[in-house]
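Below, each chain spelled out in residue letters.
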Amino acid sequence: MEFDPSIYVLCLSLATHVRVPPPFGQVPPLLDVFIVYFQCFSPFCSLLFGTLALCYRSPTWLLSSASCAWAAFGRPCWPRRGAQRPARPWLTMLHPYFYWFYRRVPGYGGGEVHIERLWPSGLEAPIDVWYEAGAAPPRPRPILLNVHGGAWRGGEARISPQAPIWQTLAAQGFLIVSCEYRRRRAQWPDQLDDCRAALMWLVREGAAQFHGDLEDLTIAGASAGGHLVALLLAEAVKKQLPLPVTFRAALLFYPALDPADRCGSTVRLPFSCSLLGVRYQMSALEWFFEFFVLKSQRHCWPSAEPLKQLQELRKEQAAAWPPTLVVHGEKDGLVPVEHSRQFLKTLAQLEGGATLRGCDQLLEIPGGRHTVEMVYGALSDMSYDYTLAWLHQLRSTLKDSLGQG
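Conventions used here
Residues numbered from 1 in each chain as written. Predicted model: local features only at pLDDT ≥ 70, side-chain atom pairs only at ≥ 80, totals over all residues. Heavy atoms only, no water. Helix = DSSP H or I, 4+ residues; strand = E, 2+ residues; numbered from the N terminus. Rg over C-alpha atoms; globule rule 2.2 N^0.38 Å. Buried < 20%, exposed > 50% of the residue type's maximum accessible area, 1.4 Å probe, protein only. Contact = heavy atoms within 4.5 Å. Areas by Shrake-Rupley, 256 points an atom, 1.4 Å probe, with all protein chains shown as cover. Lys, Arg positive; Asp, Glu negative; His and termini not counted. Charge placed at Lys NZ, Arg CZ, Asp CG, Glu CD. Phe/Tyr/Trp six-rings, centres within 6.5 Å; stacked < 30°, edge-to-face > 60°. Pairing = 2+ DSSP bridges. 1 Å grid on protein atoms, 1.4 Å probe; cavity = no way out; pocket = protein on both sides within 12 Å on 5 of 7 lines; lining within 4 Å. Points joined across faces, edges and corners; volume = space filled by probe spheres on them. Nonpolar A, V, L, I, M, F, W, Y, C, P; charged D, E, K, R; others polar. Polar contact = N/O pair within 3.5 Å; in protein donor to acceptor, adjacent residues only side chain to side chain. Axes fitted to C-alpha atoms, helices over the stretch in contact; angles between N-to-C directions. Parallel < 35°, antiparallel > 145°, perpendicular 65-115°, else oblique. Left-handed = near helix turned anticlockwise from the far one by under 90°. UniProt positions renumbered as here; feature names shortened; annotations may be inferred.

What follows concerns the overall build of the protein chain. Counting secondary structure elements, the protein chain contains 13 helices and nine strands. Computed over its C-alpha atoms, the radius of gyration of the protein chain comes to 22 Å, within 12% of the 22 Å expected for a compact globule of 405 residues. With the C-alpha coordinates aligned to their principal axes, the bounding extent of the protein chain is approximately 70 × 55 × 40 Å. Looking at the protein chain as a whole, 56% of its 405 residues are labelled buried. In the protein chain, the share of contacts with a sequence separation of at least 24, taken over all contacts with a separation of at least 6, comes to 71%. Of the roughly 17,900 Å² of accessible surface on the protein chain, a fraction of 59% belongs to carbon and sulfur atoms. Averaged over its 38 positive side-chain charges, the protein chain has a centre that lies 1 Å from the centre of its 35 negative ones.

What follows covers the packing of aromatic side chains. Using the criterion set out here, one finds 15 aromatic pairs in the structure. The interplanar angle of 75° and the centroid separation of 4.8 Å between the aromatic rings of W152 and F289 together place this pair among those described as edge-to-face. Pair noted here: W152 is in the loop between β4 (141-147) and α6 (163-171) and F289 is in helix α9 (residues 284-293), with a separation of 137 residues, a long-range link. Accessibility classification places W152 together with F289 in one group, the buried group. Judged by centre distance (6.1 Å) and plane angle (65°), the rings of W188 and F289 are edge-to-face. Separated by 101 residues along the polypeptide, W188 in the loop between β5 (175-179) and α7 (190-209) and F289 in helix α9 bring together distant segments of the chain. Given a relative accessible area of 3%, W188 falls into the buried group. By way of ring pairs, the aromatic residues W152, W188, F289 and W301 are connected into one cluster.

Turning our eyes to something else, we now look at the pairing of strand β3 (residues 127-132). Within β3, five of the six residues are buried, which leaves it mostly tucked inside the rest of the structure. The sheet contact formed by strand β2 (residues 112-118) and β3 spans six bridges and is antiparallel. Residue pairing for β3: R117 is matched across the bridge by D128. Pairing of β3 with β5 involves four bridges; the strand directions are antiparallel. The residue bridging V129 from the neighbouring strand is V177, located in β5.

So, about the layout of surface pockets. Put simply, the largest pocket is a space of about 380 Å³. Lining the largest pocket we find 20 residues, and of these R139, P140, R141, P142 and R395 sit closest to its centre. At the level of secondary structure, the elements contributing two or more residues to the lining of the largest pocket comprise β4, β6 (212-222) and α13 (378-404). Tallied by class, the residues present in the lining of the largest pocket amount to eight nonpolar, three polar and nine charged. Space inside the second largest pocket adds up to approximately 330 Å³. Of the residues contributing to the lining of the second largest pocket, the split by class is 10 nonpolar, 10 polar and two charged.

Another aspect to go through is the side chain of D261. Along the chain, D261 falls in the loop between β7 (249-253) and α9. For D261, a relative accessible area of 2% gives the class buried. Polar side-chain contacts of D261 include one of 2.8 Å to the side chain of H339. D261 has contacts with T266, R268, S283 and H339, leaving out every residue within four places of it along the chain.

As a further point, take empty space enclosed by the protein. Within this structure, the stated rule accounts for one cavity of 30 Å³ or more. Approximately 30 Å³ is the volume found for the largest cavity. As for the largest cavity, its lining consists of L123, E124, A125, P126, I127, C179, E180, D194 and A198. The residue makeup of the lining of the largest cavity, split by class, is six nonpolar, no polar and three charged.

Looking now at the packing of helix α1 (residues 5-15) against helix α4 (residues 59-74). Relative orientation of the contacting elements α1 and α4 amounts to 20°, with a least axis distance of 9 Å. Classed by the angle they form, the pair α1 and α4 counts as roughly parallel. The chirality of how α1 crosses α4 is left-handed. Where α1 abuts α4, its residues S6, I7, V9, L10, S13 and L14 lie against T60, W61, L63, S64, S67 and C68. In terms of residue class, the contact of α1 with α4 is made up of seven nonpolar, five polar and no charged.

Our next topic: the UniProt feature "domain: Alpha/beta hydrolase fold-3" (unreviewed entry) in the protein chain. Cross-referencing UniProt, the feature "domain: Alpha/beta hydrolase fold-3" (unreviewed entry) maps to residues 144-336 in the present numbering. Spanning residues 144-336, this segment combines 33% helix with 16% strand, and its end C-alpha atoms are found 26 Å apart.

Right, let's get into the packing of helix α3 (residues 42-56) against α4. At a closest axis distance of 8 Å, the pairing of α3 and α4 adopts a crossing angle of 160°. Taken together, the axis directions place α3 and α4 in an arrangement best described as roughly antiparallel. Seen from above, α3 lies across α4 with left-handed handedness. Together, S42, P43, C45, S46, F49, G50, L52 and A53 of α3 and W61, L62, S64, S65, C68, A69, A71 and A72 of α4 make up the contact between the two elements.

Structure representation (structure tokens):
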């Protein structure tokens, strides 16, 4: 029997209208990363598949064309907002991971942003530093520490769907520090230890070396990186870090805040298999994390659950948690948006609120998938512009309050 690509294309085009049950959006054949291309290029796909339907007189191609047309009409429109971002290198318009090839990217007014790789002594993994080229600024640079995603086993410090945000902030005078961590051969908590070591390097010497301001420190992470960032934040507010650190803000992009799925929002496995570590009715996300990240070392779970650690905070510790923006696609098929909702709700309840602290924000991108910024277009612009506007508004508000004080 010959493979008919039109059947697979039809399945992908129909999948743009539904959420793949988490975490199977990361499992072939209906990968979130494929669906997001159909979603963002739905007008082009509709025309292409319509042409193929006419050429081959195929009802399958015709249905694919109609499905993409439907997706195109339902796609959210996001007019550009806020300050203009610096021009992206053309190759990164195809995919943001292509920032990996660049050591210099455009800034504002003909300026440049340098991307420098360091391997400080004592660290198990390197660090990327983004900063505006030229003489040291008259004032210390605000700092943003980023932890990349990649399912705890992949990714890279410079391979980030949020790289255009880092380029913009660096061009505006920020010092961006993107840390690497051990992955495939790591045994938990190696990943967390490496991120903590990068933060301590920044506090001890990195900020001074690059003229950074530790009083204006933001932390960010995406997916698995968001999970690691949340654990670092929990350590910071509990004062368990080797050196005291205060974060001004946190940016989390589709973060894996509940790998054990205490919210009950992912697919449950209807079988058991001791060889693979599967227990009956175990969450598929919980199994992945336990088998591939914890390496079946179940005693490591307490150190790896941000939601549970958050629930155990005292009220005064929760009050020290920085203002947090969470960006999450409503149709994320890997990390369900319900995890982010529950995390922010728990944070608010610890301070006596109901669903959301006044300083926090959850941006649910309509129809957004996991790593929604992979494709250049309206959905990635929504994530970038909203994040930049929120961070600048927060910093402006804090400066005004400090000035009044």
